[in-house]
Amino acid sequence: MTPKQREDFLQQLLALHAELSGKTPLRIEPNRTDEARVGGDEDEQPLNEMMQTIASSRNRNTDGTLARVVKALGKLREDPDSFGECEECGDELPLGRLKAMPYAEFCVACQNNKDGPKGPVRRKHLTDYKG
């Protein structure tokens, strides 16, 4: 990776850090604060709970991404030659991956191994479920 590319990634990471740091956590207020109060719309409470769950998930994702951005910035400052290398196998990360996610820690193969299999486990035989 060239020094110019490192500088471009540094600027991209700093902009991302500023954006994520400036976000206030999403908060959805409960629509029913009193257990005795029942609203006229029976779908109101489950919808509100779903929105609270989504907001909580977004907040966790933002926090996780911000932590990875801070880690990448530290790596760029402390050991710039190792920036852009997979932390698992040491191979160089493709520039396209870094442009999309300048805070990427692993190459695609190592990330897939880390994430594990995708999708639900399918039952093959009736005897697969033993209770």
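Residues numbered from 1 in each chain as written. Predicted model: local features only at pLDDT ≥ 70, side-chain atom pairs only at ≥ 80, totals over all residues. Heavy atoms only, no water.

What follows covers helix 1 (residues 3–22). Along its 20 residues, helix 1 runs 28 Å from first to last C-alpha, staying within 8% of the 28 Å computed at 1.5 Å per residue. For helix 1, the complete set of buried residues consists of Arg6, Phe9, Leu10, Leu13, Leu16 and Leu20. Mapping the buried residues of helix 1 onto a view down its axis gives an arc of 135°, with all of them on the same face. For helix 1, the exposed residues set more than 90 degrees away from the buried face come down to Lys4 and Gly22. (Helix = DSSP H or I, 4+ residues; strand = E, 2+ residues; numbered from the N terminus. Expected span 1.5 Å × (residues − 1). Buried < 20%, exposed > 50% of the residue type's maximum accessible area, 1.4 Å probe, protein only. Arc of directions from axis to C-beta.)

Working note: a packed helix pair is described by the angle between its axes plus the distance between those axes. Closest axis-to-axis distance for the helix 1/helix 2 (residues 44–78) pair is 10 Å, and the angle between their directions is 145°. The element helix 1 and its partner helix 2 pack so that their crossing is left-handed. Across the interface between the two elements, Arg6, Phe9, Leu10, Leu13, Leu14, Leu16, His17, Leu20 and Ser21 of helix 1 pack against Thr62, Thr65, Leu66, Val69, Val70, Ala72, Leu73, Leu76 and Arg77 of helix 2. Of the residues that constitute the contact of helix 1 with helix 2, the class distribution is 12 nonpolar, 4 polar and 2 charged. (Axes fitted to C-alpha atoms, helices over the stretch in contact; angles between N-to-C directions. Left-handed = near helix turned anticlockwise from the far one by under 90°. Contact = heavy atoms within 4.5 Å. Nonpolar A, V, L, I, M, F, W, Y, C, P; charged D, E, K, R; others polar.)

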